[in-house]
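Each chain, written out:
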Amino acid sequence: MVQKYQSPVRIYKYPFEIVMAAYQKRFPTCKMIPVFLGSDIIHEVKSEDGAIHDVERRCRLNIDAPYLLKKIAGVDHVVFIQKNCLDRRNRTLKIFAHNESFSSRIIINEICTYTVHKENSDWTCFEQEASLDIKSFFGFENTVEKIAMKQYTHNIKKGKEVIEYYINELISEGVTHIPRWTPAVPSCSATPDQPCLLESGVGTRSGSSQDSGVRTRSSSVCSTGSQHSQGSLVLGATAASITPQDSPTGMGLTPQDSPTGMGLTPQDSPTGMGLTPQDSPTGEMTVASEDKLDADYIERFLGHLTPVQESQLVQLRQLLQKTHKGKIPKDAHILRFLRARDFNFEKAREMLVHSLAWRKLHNIDHLLHTYTPPEVLTKYYTGGWHFSDKDGRPLYVLRLGLMDVKGLMKAVGEENLLKHVLWVNEEGLRRASEATKQRGHPVSPDGPVGACTCIVDLEGLSMRHLWRPGIRALLRIIEIVEANYPETMGRLLIVRAPRVFPVLWTLVSPFIDENTSKKFMIYGGNDYQGPGGLVDFIDKKYIPDFLGGECYCDVPEGAMVPKSLYKEEFTDWSPDEPPLTVSNSPYTTTFVIKDYPNEVLMNVPQRGCVITWDFDILKGDVTFTVFRCKSVLNKETYEHPHHVGGQVVSTQYIDKSMQVGPDLSIVEPPHICRDGDSVQGSHVASTPGSYILQWKHFDSSKASFEFSLSTHKSKVMYYTELLPSEVFRGSMSSLQSSTSGFSSLSIGTSQSGQSMRKH
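Since the model is a prediction, treat every value here as computed from it, not as a measurement.

Here is what the cut-offs are and how they apply
Residues numbered from 1 in each chain as written. Predicted model: local features only at pLDDT ≥ 70, side-chain atom pairs only at ≥ 80, totals over all residues. Heavy atoms only, no water. Helix = DSSP H or I, 4+ residues; strand = E, 2+ residues; numbered from the N terminus. Buried < 20%, exposed > 50% of the residue type's maximum accessible area, 1.4 Å probe, protein only. Contact = heavy atoms within 4.5 Å. Areas by Shrake-Rupley, 256 points an atom, 1.4 Å probe, with all protein chains shown as cover. Pairing = 2+ DSSP bridges. Arc of directions from axis to C-beta. Axes fitted to C-alpha atoms, helices over the stretch in contact; angles between N-to-C directions. Phe/Tyr/Trp six-rings, centres within 6.5 Å; stacked < 30°, edge-to-face > 60°. Lys NZ or Arg CZ within 6 Å of the ring centre and 35° of its normal.

Asks: Help me out: how do you make sense of the overall build of the protein chain in this one?
Replies: Scanning the protein chain from N- to C-terminus turns up 15 helices and 23 strands. Burial status across the protein chain gives 52% buried among its 759 residues. Here the analysis covers contacts within the protein chain between residues at least 6 apart in sequence; of these, 74% occur between residues at least 24 apart. Accessible surface, the protein chain: about 34,700 Å² in total, of which carbon and sulfur atoms supply 52%.

Shown next as structure tokens:
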């Protein structure tokens, strides 16, 4: 499996020339990077005006891998090829590196880029991407991969110290400004207080002949050995560094410990001038571009992440931008799904895309604006919001022991009870987001962003709460919340747990995620009072009065729901009813089985009408095609439903006798849609007639000679609409369906773009 790394954008509040000067001072040798043995220039090209400078080097890195691996490899060091492409005119540096040693067994590639900030020319941006693909390594593939990944994260932290050291050294030498490159090199004279700064980007010092980052403009090039030419801008030995614990394969792809100096993070500044919200004079956030995340934004609004976790967030976000055409949830929402799956990219992606489809199907995005709790729930549902905990998380209080679950279900039904719980969760996300904005940092700096704290008071819990339909509804609610609101529970404090509680816990605990259950604190009797109790998590002034505090808590005390409020449709409850829904969705869900496509017939009355579609692939892969029939089809005559288990799973209008050419024409060519894709599109009908939208199962293993275990079944959720010709006026916005709206979670696709930019 290929391991990939994608860094967020790192912004340095230093000009490009200063960053390059600090970067090159690390070479030709660096006592802080003992694994770098040296390098030889194998190719060098420099433009006549000195603006372009390309240097290619063969770099040698030490091996300090386990003894057995060293003996098997039979080498003492590994070799990387690195190419630096410096463009002083455009102020960019691109670094390409790949391994030369063991290249038939292991493929390592790394690309790093330094550019000028688009909105502040005195700042520098850095991005890095790397990949590791171990084809084979004497049966030690997994061991080598683990060593590489472990050292990768370790060395990123260490690399910050290296850059900080050299920036400090620059400042101590009095180098606080380096002029930008210009075609004509001005004459200058050095003074004891301020070194002369030439186009090499570093001040010169008399008598300096060593390759220490302080150079003259000599154009001589050393052809052999590890000494570099004095005229070349030394930009490091390799972008792919191996640290002492790395294997001989050189898989320690670490930006900071590599001699390329790619560890230039904002925190490397010796004066604390790293780009952090506190350091910025106006406290404003900055972004490199609207479709990219920057490291400071992540630290401030999403909390501390390891380099690998940052990479997974950036990669998942980029994938969603491609598959969902920019309509993606906020970054905090994506991060919660990654945390829920321990930052396993594929598992998090699968969980998230299914949740996004669920939100669209049930119109969850508009729940806060469209839902009003029924009067019965307002009066008898014993839950409500109550200030916040010590970390700033919104605090929700639920007096479950006083709730008449049976009465509520018979008065409003299971669906309305579910909708109310989802409304509470949506409100919790909104409150947590507001708390983060007000504080200027996540309310859970080391935990999930957008999390809340909940107090569940079980006083009054009895066997009547173990009513079977109520337990079933509770389990269903837990299942939905776990699947669609992961990592939204900062802490759950269960107080006054009675003797019957273990019975309830036994029933529900198997449905609660392990990471969520670790956040539970259960107190029996009066254990919640005093040290170790609620006061450890909630300020004493906010502890509810009914729990021994002094703060009035405006949460309904609840009571038995009068039978006069029961509704007949909810009193005859059957455990065999279909799964819960939360609204009448405009979307249709269907299965697409091999050889049995699903088709939608749309009869277009006149030229200029617009056919629109919006669909999500919930399972498997499909091809999507739009046909126009040469003759008008009658729905009742040509409709052929396909049944599985007595239920209609798909509908077909094109029979086997129809051929493309004499009977059909393709107006939208087949488009392969993969599992998790979200597709929106439209077609302006050039002629009236019958149009057919077709989803057909696509077997990606067809071209393979391997035995496929595919189920030959895909699942699609779709919505289609026919817009009259007078509605379309040439504006793309008029093609948007009034029913199939965009997700409110996708507001601010680039969440970091919501922050103000500082120039």
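Still to come is the rest of the account.
Asks: I would appreciate a short explanation of the pairing of strand S7 (residues 106-116) in the present structure.
Replies: One face of the sheet, then the other: side chains in a regular strand alternate in exactly this way. The pairing of strand S6 (residues 92-99) with S7 spans six bridges and is antiparallel. Within the sheet, the bridge partner assigned to Lys94 lies in S7 and is Thr113. The turn linking S6 back onto S7 is made up of six residues, and Phe102 within it adopts a positive phi angle of 55°. With 11 bridges joining them, S7 and strand S8 (residues 124-134) adopt antiparallel strand pairing. Following the sheet pairing, Val116 is matched in S8 by Thr124.

Asks: Help me understand helix H12 (residues 501-508) in this model?
Replies: Side chains three or four residues apart in an α-helix point the same way, a direct result of the helix having 3.6 residues per turn. Every buried residue of H12 is accounted for by Phe501, Leu504 and Val508. Summarising the axial view, the buried residues of H12 lie within an arc of 65°, below the 170-degree limit, and thus occupy one face.

Asks: Explain the sheet that holds strand S20 (residues 664-673) here, please?
Replies: The strands making up a sheet are joined through hydrogen bonds of the backbone, oriented either antiparallel or parallel. Spatially, the four strands line up as an open sheet ordered S15-S22-S17-S20, and their pairing is antiparallel. Two strands close off the open sheet at either side, each with one partner strand: strand S15 (598-604) and S20. Each adjacent strand pair in this sheet contributes to an overall mean axis angle of 15°, direction not counted. Pairing between S15 and strand S22 (residues 689-697): seven bridges, direction antiparallel. Residue pairing across strands places Val604 opposite Gly689, the latter belonging to S22.

Asks: Looking at this structure, I do not really get the environment of Ala357. What am I missing?
Replies: Mapped onto the secondary structure, Ala357 falls in helix H7 (residues 345-361). On the accessibility criterion, Ala357 (2% relative accessible area) is buried. Note: C-alpha distance between Ala357 and Tyr718 (361 residues apart in sequence) is 9.9 Å. If we skip the residues at most four places from it in the chain, Ala357 touches Asp616, Leu618 and Met717.

Asks: Teacher, can you tell me more about the sheet that holds strand S10 (residues 394-398) here?
Replies: With respect to topology, five strands assemble into an open sheet ordered S9-S10-S11-S12-S13, the strand pairing being mixed. Each edge of the sheet is formed by a strand with only one pairing partner; in this case those strands are strand S9 (383-388) and strand S13 (520-524). Across the sheet, the axes of successive neighbouring strands diverge by a mean angle of 20°, strand direction being ignored. Contacts between helix H10 (residues 405-439) and the sheet are confined to S9, S10 and strand S11 (452-457), with S9 contributing the most and set at about 10° to the helix.

Asks: What am I meant to see in the packing of aromatic side chains here?
Replies: How two aromatic rings sit relative to each other is set out by the distance from centre to centre and by the angle between their planes. If you walk through the whole model with that rule in mind, you get 16 aromatic pairs. Between Tyr23 and Tyr114, the aromatic rings sit 5.8 Å apart at their centres with planes inclined by 65°, giving edge-to-face as the arrangement. Of this pair, Tyr23 sits in helix H1 (residues 16-24) while Tyr114 sits in strand S7, placing them 91 residues apart in sequence. Given a relative accessible area of 0%, Tyr23 falls into the buried group. The exposure class assigned to Tyr114 is buried, which follows from its relative accessible area of 0%. An aromatic cluster of three or more residues is present, and its members are Trp613, Phe615, Phe624, Trp695 and Tyr718. Positioned over the ring face of Phe591 is Lys713, at 4.7 Å from the centre of the ring.

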